[in-house]
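Each chain is listed here by its residues.
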Amino acid sequence: MAELLARNAIRLDERAGSRDEAIRRCGAVLVEIGAVAPAYVDAMLAREQSVSTYIGEGVAIPHGTLNSKESVQRDALAVLRFPAGVDWDGVDVRVCVAIAATGDGHVDILAQLASVLMDPVQAERLRTSTNIDEVMTILEEEPS
């Protein structure tokens, strides 16, 4: 995951009043870092309408639909932390890991992220970290 996550794509003090606002914030970061065209943000919202991207442990992984691949300029991740939480269809989300992928690269990303979340200590570190370097370390570590 490290090669897909740039320091400027990690935001640790975000605020959002709703799930959709959080997704828009995630998409805006992907646009800002040059990973996606603005149309990808709409595809992220459309994906969420069809299936929730909440994966547990206070983490969601917003990403676009299969039809949105043409809006992806390069594979990338963005990590946004919402310290006050976001109501995500009745669950409290504290971290969003937004994914932009042109191919099937997101499958490996999801597997690696799942290994972090299966470790309650690592998941807690990810939810509470206020340090960009620590977030990068958490996501770069090999699962034990």
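Since we're looking at a predicted model, the values are computed, not measured. (Residues numbered from 1 in each chain as written. Predicted model: local features only at pLDDT ≥ 70, side-chain atom pairs only at ≥ 80, totals over all residues. Heavy atoms only, no water.)

Turning next to the overall build of the chain. A count of helices and strands for the chain gives five helices and five strands. In terms of overall size, the chain behaves like a compact globule, its C-alpha atoms giving a radius of gyration of 14 Å where 144 residues would be expected to give roughly 15 Å. Judged by the C-alpha coordinates and their principal axes, the chain covers about 35 × 30 × 25 Å. With 144 residues in all, the chain has 49% of them scored as buried. Within the chain, residue pairs in contact and separated by at least 24 positions form 65% of the contacts whose partners lie at least 6 positions apart. Of the roughly 6,700 Å² of accessible surface on the chain, a fraction of 50% belongs to carbon and sulfur atoms. (Helix = DSSP H or I, 4+ residues; strand = E, 2+ residues; numbered from the N terminus. Rg over C-alpha atoms; globule rule 2.2 N^0.38 Å. Buried < 20%, exposed > 50% of the residue type's maximum accessible area, 1.4 Å probe, protein only. Contact = heavy atoms within 4.5 Å. Areas by Shrake-Rupley, 256 points an atom, 1.4 Å probe, with all protein chains shown as cover.)

The subject of this paragraph is unusual backbone geometry. If you check the backbone angles, Glu 57 has positive phi at about 55 degrees while not being a glycine. Among the secondary structure elements, Glu 57 is positioned in the loop between strand 2 (54-56) and strand 3 (59-60). Relative accessible area serves as the criterion here: at 36%, Glu 57 is assigned to the partly exposed category. The backbone of Asp 89 sits at a positive phi, close to 55 degrees, despite the residue not being glycine. On the secondary structure map, Asp 89 appears in the loop between strand 4 (76-88) and strand 5 (91-100).

Moving on, we get to helix 2 (residues 39-50). With twelve residues, helix 2 ought to run about 16 Å at 1.5 Å a step, and its terminal C-alpha atoms sit 17 Å apart, in line with that. Looking at the packing, one finds that the buried side of helix 2 touches helix 1 (19-32), strand 4 and strand 5. (Expected span 1.5 Å × (residues − 1).)

So, on to the sheet that holds strand 4. Spatially, five strands are ordered 1-4-5-3-2 in an open sheet, and the strand pairing comes out mixed. The open sheet has two edge strands with one neighbour each: strand 1 (10-11) and strand 2. Summarising the sheet, strand 1 and strand 4 pair through two bridges and their orientation is parallel. Looking across to strand 4, one finds that Arg 11 is bridged to Leu 80. Each of strand 1, strand 4 and strand 5 touches helix 1; the most contacted strand, strand 4, lies at about 160 degrees to it. (Pairing = 2+ DSSP bridges. Axes fitted to C-alpha atoms, helices over the stretch in contact; angles between N-to-C directions.)

In this section: the side chain of Arg 47. Positionally, Arg 47 belongs in helix 2. For the buried Arg 47, no salt bridge exists, and the shortest N-O distance to an oppositely charged side chain is 7.6 Å, to Glu 48. If we skip the residues at most four places from it in the chain, Arg 47 touches Thr 53, His 63, Gly 64, Thr 65 and Leu 66. (Lys, Arg positive; Asp, Glu negative; His and termini not counted. Salt bridge = Lys/Arg side-chain N within 4 Å of Asp/Glu carboxyl O.)

With that out of the way, let us pick up the environment of Leu 4. Tracing the backbone through its elements, the reader meets Leu 4 in the segment before strand 1. Between the alpha carbons of Leu 4 and Ala 78 there is a distance of 8.6 Å; along the sequence they are 74 residues apart. Look past the residues within four positions of Leu 4 in its chain and what remains in contact with it is Asp 75, Ala 76, Leu 77 and Ile 109.

Fair warning: the whole summary comes from geometry, so function is off the table for now.
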